[in-house]
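# Reading the structure
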Amino acid sequence: MLGGGGTLRAFVRALSGRRAAGGGHGEPSCRTHPARALLDRSGKVRLNPSSAATDLNGSMATVRRLLSTSQSSVDPKEMRKFQLLAHRWWDEQGEYSALHSMNDIRVPFIRDTVLNMGSAYQRGSPLSGVKILDVGCGGGLLSEPLGRLGASVTGIDPLEENIRAADQHKSFDPVLAKRIQYKCGSLEEIVEESVETFDVIVASEVVEHVADLEMFIKCCSQVLKPGGSLFITTINKTQLSYILGIVVAEKIAGIVPEGTHEWEKFVPPEELERLLEANSCSVKTVNGMLYNPLTGSWSWIESTSINYALHAVKSGDQAQTSQTEPLSEMESEQCSATAGTSV
Amino acid sequence: MAAACGRGLLAPLGGRLRACPRASLRSLTSAAPLYDVVVSGGGMVGSAMAAALGHDIHFHDKKIALLEAGPRKEYHLPESYSNRVSSISPGSATLLSSFGAWDHVCNLRCKPFRRMQVWDACSEAIITFEKDDLDDMGYIVENDVVMSAVTKQLDAVADRVEVFYGSRAVGYTWPLPSHSCDTSPWVQVELADGRRLQTKLLIGADGHNSVVRKEAEIQNIEHQYDQSAVVATLHLSEATDNNVAWQRFLPTGPIALLPLSDTASSLVWSTSHEHASELLTMDKESFVDSINSAFWSNVNHSDFIDAAGAMFRSALSLLKPSGTAVRQLPPSVANVDPESRAVFPLGMGHATEYVRHRVALIGDAAHRVHPLAGQGVNLGFGDIACLTHHLSAAAFNGQDLGSLKHLLRFETERQRHNVSLIAAIDLLKRLYSTSLSPLVLLRTWGLQATNALPPVKFFFLLKHTFIRPVHDANAILWNKKW
């Protein structure tokens, strides 16, 4: 996730004299482990595989787990910080303002792609009848617009606080409350009961936080109906994304809390395509995205060097071949050559 | 406006988000029905707003409510004309036809006009407007006819738009910007009979004394003119091809004759309060005489101005031989409809902000102008077209309808259009309210220059007003940026 304009943002905040969101819930109990909260202050999704043995990130993950098991008491200060950030989801001028404005391009992208592929268009409800899974839904920033467009959305997030914030926000709108269901948990946990249930899966600003990307893509493919669509938005792993996404956004401008992103976990589109092809999903579109911190708005660009959005379709073929050997150099080059078509 | 712009740049939403913080209600609000849009005020502009949204394709699954304090009126076209008429511009006609109301207007009664003649009482200066291709410049329509047409179209979408007649909103509760816990994020509306509604977006179309604007504590720049408008339905001396709108600027205020049919015209005479009450009470013959002399008499001319005007005109004819005006003579009035004389006070107003979180103002609630340019309701219809466009796009993007993001875009677009026009109308009102020679000379030359230069004229014609060019021509004369 790219953010920017921290000084400007602070200036704006000072001018508007907005009060900081307080921990309004006052509930000390939280199913999410507080230490995980400590490391995940921004409230971003971290999807960890359930079994430690398959964790490929080695030492870093071990350290995290050590920390998590050593903490037993709930630190109210951390809880408050956590709650503070859970509140920030729906503050359009807060830490998640860039995610809010990303809706201006990602919602039309999803909507138009689905409409182009779909059959019946119901007036006023373009996504009516479409079942969508929003993986890593956070506070429901993307689930709600999709719900308003008529889709039945299931939002999942491993952090209880996020689910609570999302549930609370949708509760005031009876139409949305019916159309959207939020569940606390990881993608792996719902795979068994949701095989081939969803028409669309949306994983926006999620895969750069996932520990095991292969497993994640595999699970996505499993819960997706044949012919269903998968939408992913994430950050590329390039020098430019390091400079802008890590150095500027986190260290200099300080708009994204430090430690939110790790450059090592950024995913280049080529790798994503390789994994998708391996799970019988073919990539249809890859589009670059650019965030302008001055206007606070996103736009589509040709280059996928920083942020990008990807649309893949699961093949209608029921048989899913599991590829054990990686694609050859030649094939992966061909894959990247076909990418970059604009919507 | 500069302040609003500056604020828009620096702290776009900070001050706007909290319209008027009040304690939010908890358990009571959950029972109140939730609407996507509530339009407060069922006049021409409010009803048209509700109808436009109701007919919009992206609002098919949305719930809209229209609150109107008055009772539902069944309209039957009377023989005589109503004394309240509006000049509908082609742009407004397009808006009305976008939800099917214009056909009803045409089926009932409307008078297109092809030409406008505007001239000064203190000089020979004259300006005429007409489209080269003889298209209609505008339409004179009775307000009741517009209302009836819009109401018919509202009935057509009754499943989406619920009209509450006899319902006056007495209180509004504003939501906190980023709501937490139990506070409702919606606007709470309390009606006089105790009913409550909730809405995601409240549109205030409740006239120049807007309650929505006052409750939202939006500052309003307003000014009562020292003028009242006298309206009446007049009968002409002889039937004529009545397709010209006439307006003459007298020192006391402009008098306008708007065509209703070949034998009838509507009068809008803006004049001082005293003169207005005189006109209202005098007998029919004197009234008719005053009107005729207002249009025909040259008592306000002065030799100096006439000479200066003639000199300028000959100078212009050197540059542009065909540039002098063809002066048509306005029709003379023979009779006035009984009971059709009425007076209403005039003023000017402009809200500093058109929008807040979950609130938008349109029509006279946002801006009020002098009728001299015939723009009042057209500005309102322009607001509707713009707001419907933005709300429709927001709905198609699944956005929260009350979000300031697109509301601010509506505000910027409309303020850019409205502010200069409103200022120009106000300036013209003041400029033409005097018989001081320098100012008369100024406006005389301005009018003549504008009339003589077709490209300039055509450019202004596109903006649907026949008064602004005078202002801008004067600006050219004095090398000011327009």
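Residues numbered from 1 in each chain as written. Chains lettered and ligands numbered in written order. Predicted model: local features only at pLDDT ≥ 70, side-chain atom pairs only at ≥ 80, totals over all residues. Heavy atoms only, no water.

With that settled, consider the sheet that holds strand E8 (residues 307–314) of chain A. All names here are of chain A. Pairing is mixed across the open sheet formed by 8 strands, whose spatial order is E3-E2-E1-E4-E5-E8-E6-E7. If you trace the sheet from one side to the other, it starts and ends with strand E3 (180–184) and strand E7 (297–301), each paired once. In this sheet, neighbouring strand axes are inclined to one another by 20° on average, regardless of whether the strands run parallel or antiparallel. In this fold helix H5 (residues 97–117) packs onto strand E4 (198–204), strand E5 (224–235), strand E6 (281–292), E7 and E8, with an angle of close to 45° to the strand it touches most, E7. (Pairing = 2+ DSSP bridges. Helix = DSSP H or I, 4+ residues; strand = E, 2+ residues; numbered from the N terminus. Axes fitted to C-alpha atoms, helices over the stretch in contact; angles between N-to-C directions. Contact = heavy atoms within 4.5 Å.)

Attention shifts here to the pattern of salt bridges. The final tally for this structure, using the stated rule, is 23 salt bridges over all chains. Close ionic contact of Lys62 of chain B with Asp61 of chain B constitutes a salt bridge, the shortest N to O distance being 3.5 Å. Among the residues examined, Lys62 of chain B registers a relative accessible area of 10% and is labelled buried. The partner of Arg72 of chain B in a salt bridge is Asp155 of chain B, with the nearest N and O atoms 2.8 Å apart. One end of the pair, Arg72 of chain B, is in the loop between strand E2 (64–67) and strand E3 (85–88); the other, Asp155 of chain B, is in helix H7 (residues 143–156), and 83 residues separate them in sequence. Connected through shared salt-bridge partners, Asp173 of chain A together with Asp36 and Lys200 of chain B make up one network. (Salt bridge = Lys/Arg side-chain N within 4 Å of Asp/Glu carboxyl O. Buried < 20%, exposed > 50% of the residue type's maximum accessible area, 1.4 Å probe, protein only.)

What follows covers the sheet that holds E3 of chain B. Residues and elements named next belong to chain B. Judged by pairing direction, the sheet is antiparallel, and its 3 strands sit side by side in the order E3-E7-E4 without closing on themselves. A single partner strand is all that each edge strand has here, and the edge strands are E3 and strand E4 (111–113). The mean inter-strand angle of the sheet, taken between neighbouring strand axes irrespective of direction, is 25°. Note: E4 against strand E7 (residues 138–142), 3 bridges, orientation antiparallel. Within the sheet, the bridge partner assigned to Phe113 lies in E7 and is Gly138.

Attention now moves to the confidence of the model for chain B. Residue and element names in this part refer to chain B. Put simply, chain B has an average pLDDT of 84, and 83% of its residues get 70 or more. In this model, residues 1–14 is a region of pLDDT below 50 whose contacts with residues beyond four sequence positions or in other chains number 19 contacts. Under a pLDDT of 50 for its full length, residues 18–29 has, in the predicted model, 22 contacts with residues more than four places off or in other chains. Interface scoring of the predicted complex returns ipTM 0.80; its pTM is 0.79. (pLDDT = per-residue confidence, 0-100.)

To continue, consider the packing of helix H6 (residues 101–108) of chain B against H7 of chain B. Residues and elements named next belong to chain B. Between H6 and H7, the least distance of the axes is 8 Å, while the angle of their chain directions is 135°. Classed by the angle they form, the pair H6 and H7 counts as oblique. As for how H6 packs across H7, the hand of that crossing is right-handed. Note on element contacts: H7 touches H6 through Val145, Val146, Ser148, Ala149, Val150, Lys152 and Gln153, opposite Ala101, His104, Val105 and Leu108. Here the residues of the contact of H6 with H7 are counted per class, giving 7 nonpolar, 3 polar and 1 charged. (Parallel < 35°, antiparallel > 145°, perpendicular 65-115°, else oblique. Left-handed = near helix turned anticlockwise from the far one by under 90°. Nonpolar A, V, L, I, M, F, W, Y, C, P; charged D, E, K, R; others polar.)

All names here are of chain A. Feature annotation in UniProt assigns "binding site: Mg(2+)" (unreviewed entry) to the following positions: Glu205, Glu208 and His209. Locating Glu205 in the fold gives a position in the loop between E4 and helix H10 (213–223). A distance of 2.6 Å separates a polar atom in the side chain of Glu205 from a polar atom in the side chain of Thr233. Residue class for Glu208 comes out buried when judged on its relative accessible area of 1%. (UniProt positions renumbered as here; feature names shortened; annotations may be inferred. Polar contact = N/O pair within 3.5 Å; in protein donor to acceptor, adjacent residues only side chain to side chain.)

Right, let's talk about unusual backbone geometry for a bit. Unusually for a residue other than glycine, Glu205 of chain A sits at a positive phi of about 60°. Among the residues examined, Glu205 of chain A registers a relative accessible area of 5% and is labelled buried. A positive phi angle is found at Glu217 of chain B, which is not glycine, with a value near 55°. Here Glu217 of chain B lies in the loop between helix H8 (211–215) and strand E12 (220–236).

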